Amino acid sequence: MASGGDLTLTILGFLGERPMHGYELKARLSALTGHLRPISDGALYPAIARLESKGLVERHEEAGTHAARRQVLTLTPAGREELLRRLRDPGDLDISDQTRFFAILTFLSALPDPAERAEVLRRRLAFLEAPASFFYDRGAPVKIKDEPDPYRRGMLIVARASSQAEREWLRERLAELDAPR
């Protein structure tokens, strides 16, 4: 993961689901985004140590399956509050960066209030609905039909299709969250 923000959220999120040892946590993190952003021990274990020093994660020893003892990580009440805070009020980069936003989505169900989940989705939808492009000409986004380079045009086509699918899903989910219960 590119930054501590991503890694911190995902560590808190997975430990919010259940306690686990470092190897299992690394496997879960790698399954989530390892194909895009590999997670090294040199990033993971210092991040865990920082969370421990802040009182967000606790470590205790348990018997292993083959006689070796292992360290199990548990989210503290303060860690759960930090997880919920990050989910309730993600930063602008967490909303605009697709990988970071997908990390938010991975754990968004942990927010007990549907209205809070809906607010996060509304922020992402507003971001996706704002005019944008990878390329600009005189301050205006370059349109697909105006891009002469076939590879850049391909980027724009793929991005538009992905954004359209995500906007449709967001609108559907918001309708479900906003429906009277």
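Refer to the structure above for everything that follows.
Think of each chain on its own: its residues are numbered from 1, step by step along the sequence as written. Given that this is a predicted model, residues contribute local features only at a pLDDT of at least 70 and side-chain atom pairs are listed and counted only at 80 or more, while totals for whole chains, interfaces and linings are drawn from all residues. Only hydrogens and water are set aside when side-chain values are computed; all heavy atoms of the structure are taken into account.

**A word on the overall build of the protein**
Helix and strand assignments follow DSSP, with helices taken as H or I runs no shorter than four residues and strands as E runs no shorter than two, numbered in order from the N terminus. What the protein contains, in helices and strands, is eight helices and five strands. Seen in sequence order, the protein has helices and strands lined up from the N terminus as α-β-α-α-β-β-α-α-α-α-β-β-α. If you line up the protein on its principal axes, its C-alpha atoms span 65 × 45 × 25 Å. Any residue under 20% of the maximum accessible area for its type is buried, any over 50% is exposed, and the rest in between are partly exposed; the area is computed with a 1.4 Å probe on protein chains only. Residues counted as buried form 36% of the 181 residues belonging to the protein. We call two residues contacting when some pair of their heavy atoms lies within 4.5 Å. Intrachain contacts of the protein at a sequence separation of at least 6 include 52% that bridge at least 24 residues. Accessible surface for the protein amounts to roughly 10600 Å². Of this, 55% is attributable to carbon and sulfur atoms. Distance from the positive charge centre (28 side chains) to the negative charge centre (27 side chains) of the protein: 2 Å. Surface exposure here means Shrake-Rupley accessible area, sampled with a 1.4 Å probe, where a residue is shielded only by the protein chains that are shown. Residues counted as positive are Lys and Arg, residues counted as negative are Asp and Glu, and His and the chain ends are not counted. Positions of charges follow a simple convention, taking NZ of Lys, CZ of Arg, CG of Asp or CD of Glu.

**A few points about unusual backbone geometry**
Even without a glycine there, the phi angle at Arg138 is positive, about 55°. Here Arg138 is to be found in the loop between strand E4 (136-137) and strand E5 (140-141).

**Points about the pattern of salt bridges**
For salt bridges, the criterion is a side-chain nitrogen of Lys or Arg within 4 Å of an Asp or Glu carboxyl oxygen. Per the counting criterion, the structure on display carries 15 salt bridges. Between Arg28 and Glu17 there is a salt bridge, and its shortest N-O distance comes to 2.9 Å. On the criterion of sequence distance, the pair formed by Arg28 in helix H2 (residues 22-34) and Glu17 in helix H1 (residues 4-17) is long-range, its members being eleven residues apart. Looking at Arg28, the relative accessible area reads 24%, which means it is partly exposed. Taking relative accessible area as the criterion, Glu17 reaches 44% and is therefore assigned partly exposed.

**Topic: the side chain of Glu147**
Here Glu147 lies in the loop between E5 and helix H8 (150-178). Here Glu147 is buried and forms no salt bridge, its nearest opposite-charge partner Arg152 lying at an N-O distance of 4.7 Å. Pairing of N or O atoms within 3.5 Å defines a polar contact, subject to two protein rules: one partner must be a possible hydrogen donor and the other a possible acceptor, and residues neighboring in sequence count only if both atoms are side-chain atoms. Here Asp149 takes part through its backbone nitrogen, which lies 2.9 Å from a polar atom of the side chain of Glu147. In this view, Glu147 contacts Phe135, Val142, Arg152, Arg153 and Leu156; residues no more than four positions away in its chain are not counted.

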